[in-house]
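Structural description and commentary
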Amino acid sequence: MRRPLQKPHPKVYAPFSYSMETAKFWASEGAKMLSLVTADKEEFMPVILENCLKAAHENGLPQTTNNDVLALGVHLMMGKTPAKTKQYRKMFGNLWFSAYDAPPYHIPLGRWSQ
């Protein structure tokens, strides 16, 4: 297995939805989870963050704050013309509402601007 040449290696970011097992695994590996769910508004996130910090500490990692184990992600799409922007917005809306805002996730869309 090849190891990263850079020491320490760059931070690993791992996608995350609603799996406690996945969250604890990545936290124990020293990775930072990337989530589209806001940490302050979802009931599940405080529990996830507490368990992630515990998993990191149990593996001897120095993570001490929520920011050490979670990064909030966003989508940014721009078109070269107003027509392309409108087309991309429609495509993204179709994707979001069929994938992210679908069972069992129901992740809220958040800010939606022109």
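Report on the accompanying structure. (Residues numbered from 1 in each chain as written. Predicted model: local features only at pLDDT ≥ 70, side-chain atom pairs only at ≥ 80, totals over all residues. Heavy atoms only, no water.)

1. Here's the deal with the overall build of the protein chain
Here is the rule: Put simply, DSSP H or I for four residues or longer makes a helix, DSSP E for two residues or longer makes a strand, and each gets a number counted from the N terminus. Only protein chains enter the accessibility calculation, which uses a 1.4 Å probe; a residue is then buried when its area is under 20% of its type maximum, exposed when over 50%, and partly exposed in between. The Shrake-Rupley method, run with a 1.4 Å probe, gives the accessible areas here. Residue values count only the displayed protein chains as cover.
Broken down by element type, the protein chain carries four helices and three strands. Walking the protein chain from its N terminus toward its C terminus, one meets helices and strands in the order β-α-β-α-α-β-α. Out of the 114 residues belonging to the protein chain, those deemed buried represent 25%. Within the structure as shown, the protein chain displays about 8,700 Å² of accessible surface, and the carbon and sulfur contribution to it stands at 57%.

2. Observations regarding the pairing of strand E2 (residues 32–35)
Quick note on the threshold: Should DSSP find at least two bridges between two strands, the strands are regarded as paired.
Pairing of strand E1 (residues 13–15) with E2, which is carried by three bridges, proceeds in the parallel orientation. By the bridge assignment for E2, Tyr13 is matched with Lys32.

3. So, the sheet that holds E1
Inclusion rule: To get an axis, fit a line to the C-alpha atoms, keeping to the stretch in contact for a helix; angles then go from 0 to 180 degrees between the N-to-C directions.
Here we have three strands laid out as an open sheet, ordered E1-E2-E3, and parallel in their pairing. With partners counted over all chains shown, the strands left at the sheet margins are E1 and strand E3 (70–72), one partner each. If you compare each strand with its neighbour and ignore which way they point, the axes differ by 35° on average.

4. Examining helix H1 (residues 20–28)
Under the convention used in this document: Along the arc lie the directions from the helix axis toward the C-beta atoms. For this analysis, residues touch if any pair of their heavy atoms sits within 4.5 Å.
Along H1, the residues that are buried comprise Ala23, Ala27 and Ser28. Buried residues along H1 cover an arc of 125° about the axis, so they all sit on one side. Where H1 is buried, its residues contact E2 and helix H2 (44–58).

5. Considering the nonpolar core
Test applied: Among buried residues, those of type Ala, Val, Leu, Ile, Met, Phe, Trp, Tyr and Cys that are joined through side-chain atoms within 4.5 Å constitute a nonpolar core.
Residues Phe16, Ala23, Ala27, Met33, Met45, Ile48, Leu49, Cys52, Leu53, Ala55, Val69 and Leu70 constitute the largest nonpolar core, which totals twelve residues. Only H1 and H2 provide two or more residues apiece to this core. Per-element accounting of this core gives the leading share, six residues, to H2. Other than its neighbours up to four places away in sequence, Leu53 contacts Gln63, Thr64, Thr65, Asn66 and Val69.

6. Regarding helix H4 (residues 82–100)
Counted only if it meets this: Helix span, expected: 1.5 Å multiplied by one less than the number of residues in the helix.
Taking 1.5 Å of rise per residue, the 19 residues of H4 would be expected to cover 27 Å, and the 26 Å separating its terminal C-alpha atoms lies within 8% of that figure. Taken together, the buried positions of H4 are Phe92, Gly93 and Trp96. Projected onto a plane normal to the axis of H4, the buried residues spread over an arc of 110° and lie on a single side. Looking at H4, the residues exposed on the side facing more than 90 degrees away from the buried face are Ala83, Lys90 and Ser98.

7. Brief notes about the side chain of Gln63
Structurally, Gln63 can be placed in the loop between H2 and helix H3 (66–69). Contacts of Gln63, omitting those with residues within four sequence positions, involve Lys11, Gly30, Leu53, Ala56, His57, Asp68 and Val69.

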